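Single-letter residue listing:
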Amino acid sequence: MTIAAFSASYAEAREKFLAAATAAGAALEAYDNPNRGPDGGSLATDTAWLGPDDARRVLVLISGTHGVEGFCGSGIQVDWLGGSGALPADTAVLLIHAMNPHGFAWLRRVTEEGCDLNRNHVDHGKPYPENSGYDDIADDLLPPSLTGPEGQAADARLLAYREKVGELAYYRAVASGQFRHPDGLFFGGGGPAWANRTLHRIIDARLRGRSDIGVIDFHTGLGPFGYGEMITDYDPDGEGAARVRAFWGDSATEMRKGQTVAQVTDGATHYGFMRALPDTRVTFGTLEFGTYDRLAGQRTLRADHWLHKYGDPLGPEARPIKAAIRRQYYPDTPDWKEAVLFRGDQAVRMALAALRGASARRGEPTSLPYQGRYNGDAR
Ligand SMILES: [Zn+2]
């Protein structure tokens, strides 16, 4: 395990991933993105396949769904490839590197369409989910100026709104996803984004006809620094949630029980997999690594969206904003990286064991009933 697996840029991450996958004997495929990075470099989602082509069981490891968060997942993938060793029989691993390469290269959470990929996997044939809370504060989240009297007035109105509706409703309004403000935060899109279509191409090429598929989608930005929370979006007490607990034990938290700080009701990659593979046993976990506090995260996101709407993403004003968003989603410190690698490797190991039929050991349940409550307020 080595923190040298992490990279300082998308281009370096891609190079390291391709080198590590080649050294491990993986079959590579590139899905070229039509856009360019800020340095003019080319962009692609790369896949690496290890194991027999006809394996019935496949573990999928995804990095960079949220662009800039790809530093984390890429580091885990590169590190794991370096020490992967022999896989269990009838099992393959599919690594998807830089699911959203444009966001990774430009240090953004969103795609080239301005779209939050983890809100984009909705059924685009149906009316989009409403988020009237976001409508209420859209203009104040993204005023023409974030500083000076105009910015201060917007901040004051946001604070008043937050105090009026409460912390949870405010957080949901901002972050649960919205479909009306394409320049805004957590925009779900007006159709399937390039990265969404690319994921479906990968699913068609590699994942049809399998018996069991495990997925770990690596994210950052929510929770305590360096802690990796395994989040599931399955309905509580259903088979999917039970499988997630069999895979990853007691550390798994259930979004729909309000156990997690994440607040997505539809559109996450989880739902993309479920809709694309209705007849396959898919066990999907989102591994979310904590960084810095989430209000700081919102400030960096507002600044980044402001930059791409009103400013020049290649101009001098971009530098402090890009440095802030990079730090928020990629704490570039040895202790954070070590924690990420340890937990990432553990999650992969547990998933491979579970695909083989082993069940994670769980603590003895108590007789006290579960007291559901939102536990993100303290953060
Ligand atoms: Zn994320």
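One can find the structure itself at the top, above this paragraph.
What you are looking at is a predicted structure, and each value in this text was computed from that prediction instead of being measured.

Undergrad: Explain the overall build of the protein to me, and be specific about the residues and the numbers.
TA: Counting its regular elements, the protein contains 13 helices and 8 strands. Expected size for 379 residues packed as a compact globule is a radius of gyration near 21 Å; at 20 Å, the protein falls within 12% of this value. Viewed in the frame of its principal axes, the protein has a C-alpha envelope of about 65 × 55 × 45 Å. Of all 379 residues assigned to the protein, the portion counted as buried reaches 48%.

Undergrad: Please give an account of helix H2 (residues 70-82) that cites residues and values.
TA: Between its first and last C-alpha, H2 extends 18 Å over 13 residues, near the 18 Å set by a 1.5 Å rise per residue. Summarising burial for H2: 12 of the 13 residues are buried, a large majority. Listed in full, the buried residues belonging to H2 are Gly70, Phe71, Cys72, Gly73, Ser74, Gly75, Ile76, Gln77, Val78, Asp79, Trp80 and Leu81.

Undergrad: An account of the pairing of strand E2 (residues 42-50) is needed here, citing residue identities and associated values.
TA: Relative to E2, strand E1 (residues 27-36) is paired through 8 bridges, and the arrangement is antiparallel. Paired with Asp32 across the strands is Ala44, a residue of E2. Where E1 folds back on E2, the antiparallel hairpin that results is connected by 5 residues, among which Gly40 adopts a positive phi of roughly 85°. Looking at chain direction, E2 and strand E4 (residues 91-97) are connected through 5 bridges and run antiparallel. Bridge pairing in E4 links Leu50 to Val93.

Undergrad: Summarise unusual backbone geometry; cite the residues concerned and give the values.
TA: Although it is not a glycine, Asp90 adopts a positive phi angle of roughly 60°. Note on placement: Asp90 falls in the loop between H2 and E4.

Undergrad: Break down the pairing of strand E3 (residues 57-62) for me, with residues and values.
TA: Extensive coverage of E3 is indicated by the burial of 6 of its 6 residues. Side chains of E3 alternate between two faces, with Arg57, Leu59 and Leu61 and Val58, Val60 and Ile62 buried alike. Both E3 and E4 contribute to a ladder of 6 bridges, which runs parallel. Bridge assignment links Ile62 to a residue of E4, and that residue is Ile96. Taking the sense of rotation as the criterion, the β-α-β connection linking E3, H2 and E4 turns out right-handed. In this sheet, strand E5 (residues 212-225) lies alongside E3 in parallel orientation, the contact comprising 6 bridges. Bridge pairing links Leu61 to Ile216 in E5.

Cut-offs used in this document
Residues numbered from 1 in each chain as written. Predicted model: local features only at pLDDT ≥ 70, side-chain atom pairs only at ≥ 80, totals over all residues. Helix = DSSP H or I, 4+ residues; strand = E, 2+ residues; numbered from the N terminus. Rg over C-alpha atoms; globule rule 2.2 N^0.38 Å. Buried ≥ 20, exposed ≤ 12 C-beta atoms within 10 Å, placed from the backbone. Expected span 1.5 Å × (residues − 1). Pairing = 2+ DSSP bridges. Right-handed = clockwise from strand over helix to strand, strands pointing away.

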